[in-house]
Amino acid sequence: MRRLFVANRGEIAARIIRTAHEMGMETVLAISEVDRDSFAAQMSDLVTVIGPAQARQSYLNRQALVEAVAASAADAVHPGYGFLSEDAEFACQIIDLGVTWVGPSPEAIELMGNKAAARAAAQRAGVPIVAGSNGAVGPDEDIHAVAEAVGYPLLIKASAGGGGRGIRLVRSPEQLDEEAHLAAAEAGAAFGDSAIYLERFISNARHVEVQILGDGTDVVHLFDRDCSLQRRQQKVVEETPAPDIPDDLRRRMLDSAVELARSCRYQGAGTVEFLYDAERGDICFIEMNTRLQVEHPITEMVTGIDLVREQLLIAGGDKLRYRQADIITSGHAIEMRINAENPELEFMPSPGTLTHVQWPGGPGVRTDAGVVTGSAISPYYDSLIAKIIVWDSDRPHAISRAIRALSETHIEGVDTTTKYLQSVLHHPVVRAARHHTKFLESSAAELLQEAP
Amino acid sequence: MAQHEVITPLPGVFYRSPGPGKPPYVTEGQRVEAGQTVGLVEIMKQFSEIRTTVAGVLASFAVADNGDVSPGAVIAVVEDEQ
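Just so it is clear, the structure is predicted and the values come from calculations on it, not from any experiment.

Caption draft 1: Structural detail: the overall build of chain B. Counting its secondary structure elements, chain B contains zero helices and eight strands. Each helix (α) and strand (β) of chain B, taken in turn from the N terminus, gives the series β-β-β-β-β-β-β-β. Taking 82 residues into account, the globule formula puts the C-alpha radius of gyration at 12 Å, and chain B, at 12 Å, falls close to it. Dimensions of chain B, computed from C-alpha atoms along their principal axes, come out at roughly 40 × 25 × 20 Å. Burial analysis of chain B (82 residues in total) assigns 43% to the buried set. Considering only contacts in chain B between residues 6 or more positions apart, those separated by 24 or more positions represent 58%.

Have a look at this one:
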């Protein structure tokens, strides 16, 4: 693998380019017309313009990307996360060009992308699942009848989903029609497919997930992450290891994630997501993401394994370089997502130009950013501008370090969530690991007060 | 008759229907009630409903479907019956 095509933008494009360069590869970055001056474009050896600003015409434009890959003489394509990373058809077309797809087979993407098939595969692998509609709710189906069968409160989710896009919480039948419309619109815009399905909502649950790596035969896990601190189904802060999970449950979760991945001959990096119901002492499978996750750096911090490097090696045909016993975690890592949003105006997106950017430093701090001073934050894409990741020997120290790192972070030109993240990490419920997936929303007013 | 402008507070992309292939929320010449949704604005993958604050007839759209909008841009004009 000598030339890698990166079909993404922002911080994850920069992240992938860094590892590619360390491995001696040259990179070709796909960019939209407004991303010509982006940080990732500056880092990449080569760039190729694939279309106008709107994602549907550029980063979600399969045909434009396939043509750009064909013209680039690249040996491999890394799709990052979001956009076309879980699009089996895109993966197929790349493979048909004779170019290596950095990710699992189109069959595995399709199996896990079809939520009904994924649930069935999870059941076969002995993984407990959450009650829900069996697959997408068809246009001719009575959504109210399906919803009654699933039971309220429920979640509406995008069938082609992932990344929390297109998910809506519905507490009563009166809200169902409007929320279903909005969920379908979000799903259509984010994934080009507006199909939705329903799933029972478990209150006070924690979102816990297992990182796995497979080579098509063997599968290992790289332990778990807790991503319960979310707003509108968007993760805000993630940590590893997931705090306060009984050993037997954690063991069962890790083992069943490996079993599920092995059952579909999984190749590459993937994440198996679970809900942990602390009250009932239960875990349930939600879905498997067949790509790199936004929050992958915390796993890298505690295991010392570069997940992008392993993805590229596996895609190039290598066998796993680790047996399960070789993978050891040490300490505690936390990731904080810095978004261009104004927490005081209900997290209204805040596009603009960054007039000043200063990242934190010092021991145990890593910044994965997609911007530098002068970068434009475009209204067309996700509001994530950087991830601050910290590591320390245990959870209380990691929280202190995280707050310290945020205090060193200065971004001017747009509103950001930096101060809000400090309030979150100061909160006694978070410090005591008593948080759940609705904690940030139920404590919204409190978290807007400035941290002490 | 008075004309009222429906404004978007957000920049982004304007959609007249709730999803691809779905019928539009409102068509020109149609009667609308105060608080009724006339379209969506997508910014950074978040969708916000744009609503009219007055009742009347939606006289015209000022922005094309899938068109780019700036903060404060006029989305549509509603004529009330006063």
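Caption draft 2: Fine view of the pairing of strand β6 (residues 56–61) of chain B. In this structure, strand β3 (residues 31–32) of chain B lies alongside β6 of chain B, joined through two bridges in antiparallel fashion. Counterpart to Val-32 of chain B in the pairing with β6 of chain B is Gly-56 of chain B.

Caption draft 3: Quick peek at unusual backbone geometry. Following Tyr-152 of chain A, the chain continues into Pro-153 of chain A via a peptide bond in cis, with omega recorded as -10°. Relative to the assigned elements, Pro-153 of chain A resides in the loop between α7 (143–150) and β6 (154–158). Between Thr-240 of chain A and the following residue, Pro-241 of chain A, the backbone shows a cis peptide bond with an omega angle of -5°. Looking at where Pro-241 of chain A falls in the secondary structure, it is placed in the loop between β11 (234–240) and α9 (247–263). Phi at Gln-233 of chain A takes a positive value of approximately 65°, unusual for a residue other than glycine. What makes Gln-233 of chain A partly exposed here is the crowd of 17 C-beta atoms within 10 Å. In the Ramachandran plot, Met-44 of chain B falls in the positive-phi region, its phi being about 45° despite a non-glycine side chain.

Caption draft 4: Main features of the domain arrangement of chain A. On domain assignment, one finds that chain A holds domain 1 (3–102), domain 2 (131–200) and domain 3 (205–448). Between domain 1 of chain A and domain 2 of chain A, the C-alpha centre-to-centre distance is 31 Å.

Caption draft 5: Up close: the sheet that holds strand β8 (residues 74–79) of chain B. Residues and elements named next belong to chain B. Overall, antiparallel pairing links the four strands, which are arranged β1-β8-β6-β3 in an open sheet. Each edge of the open sheet carries a strand with a single partner, namely β1 (3–7) and β3. Bridge analysis of β1 against β8 gives five bridges, and the strand direction is antiparallel. In the sheet register, Ile-7 faces β8, and the bridge partner there is Val-74.

Caption draft 6: Region of interest: the confidence of the model for chain B. The pLDDT averaged across chain B works out to 90; a share of 99% of its residues lies at or above 70. The ipTM, which scores confidence in the relative placement of chains, is 0.70 for this predicted complex, and the corresponding pTM is 0.86.

Caption draft 7: Structural detail: the pairing of strand β4 (residues 37–43) of chain B. All names here are of chain B. Among the seven residues of β4, six are classified as buried, and the element is accordingly described as predominantly covered. Relative to β4, strand β2 (residues 12–15) runs antiparallel, the two being bridged by three bridges. Looking across to β4, one finds that Tyr-15 is bridged to Leu-40. Linking β4 to strand β5 (residues 46–51), which pair antiparallel, is a turn of two residues; within it Met-44 sits at a positive phi near 45°.

Caption draft 8: Structural view of the packing of helix α12 (residues 395–407) of chain A against helix α13 (residues 418–426) of chain A. Residues and elements named next belong to chain A. Two numbers describe how α12 lies on α13: the axes approach to 9 Å, and their chain directions differ by 160°. With respect to α13, the element α12 is oriented roughly antiparallel. Considering the relative orientation of α12 and α13, their crossing is left-handed. Contacts between α12 and α13 involve Ile-399, Ala-402, Ile-403 and Leu-406 from the first element and Thr-418, Leu-421, Gln-422, Leu-425 and His-426 from the second.

Caption draft 9: Summary view of the nonpolar core. Val-77, Ile-196, Ile-212, Phe-274 and Val-424 of chain A are the most contacted members of the largest nonpolar core, which totals 167 residues. No other element matches the 10 residues that helix α8 (residues 173–191) of chain A contributes to this core.

Caption draft 10: Quick peek at helix α3 (residues 62–72) of chain A. Residues and elements named next belong to chain A. For α3, the set of buried residues is Leu-65, Val-66, Ala-68 and Val-69. Buried residues along α3 cover an arc of 160° about the axis, so they all sit on one side. Away from its buried face, by an angle of more than 90 degrees, α3 presents the exposed residues Gln-63 and Ala-71. Elements in contact with the buried residues of α3: β1 (3–6), β2 (26–32), β3 (46–51), β4 (76–78) and α4 (88–96).

Caption draft 11: Main features of the sheet that holds strand β12 (residues 267–277) of chain A. Residue and element names in this part refer to chain A. Pairing within the open sheet is antiparallel, and its eight strands lie in the order β13-β12-β9-β10-β11-β14-β21-β19. Among the strands making up the open sheet, the edge pair consists of β13 (282–289) and β19 (365–369). Between one strand and the next, the sheet's axes are offset by a mean angle of 25°, whatever the strand orientation. As defined by bridge partners, β19 adjoins strand β21 (residues 384–392) across five bridges and the pair is classed as antiparallel. Considered in β21, the bridge of Ala-369 is made with Ala-386. This element, α12, spans β14 (332–339), β19 and β21 of the sheet and lies at about 140° to β21.

Caption draft 12: Seen up close, the environment of Ala-125 of chain A. All names here are of chain A. Tracing the chain through its elements places Ala-125 in the loop between α6 (115–124) and α7. Distance from Ala-125 to Arg-56, taken between C-alpha atoms, is 36 Å for residues 69 residues apart in sequence. Setting aside chain neighbours within four positions, we find Ala-125 in contact with Ser-256, Glu-259, Leu-260 and Ser-263.

Caption draft 13: Quick peek at α8 of chain A. The first and last C-alpha atoms of α8 of chain A sit 26 Å apart over 19 residues, in line with the 27 Å expected at 1.5 Å per residue. In the structure, α8 of chain A departs most strongly from a straight axis at Glu-179 of chain A, where the bend amounts to approximately 30°.

Caption draft 14: Local environment of the interface of chain B and chain A. Every contact between the two is made by 13 residues of chain B and, on the other side, 17 residues of chain A. Sorting the residues of the side of chain B that touches chain A by element identifies β2, β4 and β5 of chain B as the ones contributing at least two each. In terms of residues, the side of chain B that touches chain A owes the most to one element, β4 of chain B, which gives three residues. When the residues that make up the side of chain B that touches chain A are grouped by side-chain class, the tally is eight nonpolar, three polar and two charged.

Caption draft 15: Region of the structure containing the packing of α7 of chain A against α8 of chain A. Residues and elements named next belong to chain A. Taken N-terminus to C-terminus, the directions of α7 and α8 make an angle of 120°; their axes are 11 Å apart at the nearest point. One finds that α7 runs oblique with respect to α8. At the point where α7 passes α8, the crossing takes the right-handed sense. Between α7, through Ile-143, His-144 and Ala-147, and α8, the contact on the second element is made entirely by Pro-173, Leu-176 and Ala-180.

The rules behind each value
- Residues numbered from 1 in each chain as written.
- Chains lettered and ligands numbered in written order.
- Predicted model: local features only at pLDDT ≥ 70, side-chain atom pairs only at ≥ 80, totals over all residues.
- Helix = DSSP H or I, 4+ residues; strand = E, 2+ residues; numbered from the N terminus.
- Rg over C-alpha atoms; globule rule 2.2 N^0.38 Å.
- Buried ≥ 20, exposed ≤ 12 C-beta atoms within 10 Å, placed from the backbone.
- Contact = placed C-beta atoms within 7 Å.
- Pairing = 2+ DSSP bridges.
- Domains from an automatic or database assignment.
- pLDDT = per-residue confidence, 0-100.
- Axes fitted to C-alpha atoms, helices over the stretch in contact; angles between N-to-C directions.
- Parallel < 35°, antiparallel > 145°, perpendicular 65-115°, else oblique.
- Left-handed = near helix turned anticlockwise from the far one by under 90°.
- Core = buried A, V, L, I, M, F, W, Y, C linked by C-beta atoms within 7 Å.
- Arc of directions from axis to C-beta.
- Expected span 1.5 Å × (residues − 1).
- Bend = angle between axes of the 7 residues up to and from the residue.
- Nonpolar A, V, L, I, M, F, W, Y, C, P; charged D, E, K, R; others polar.

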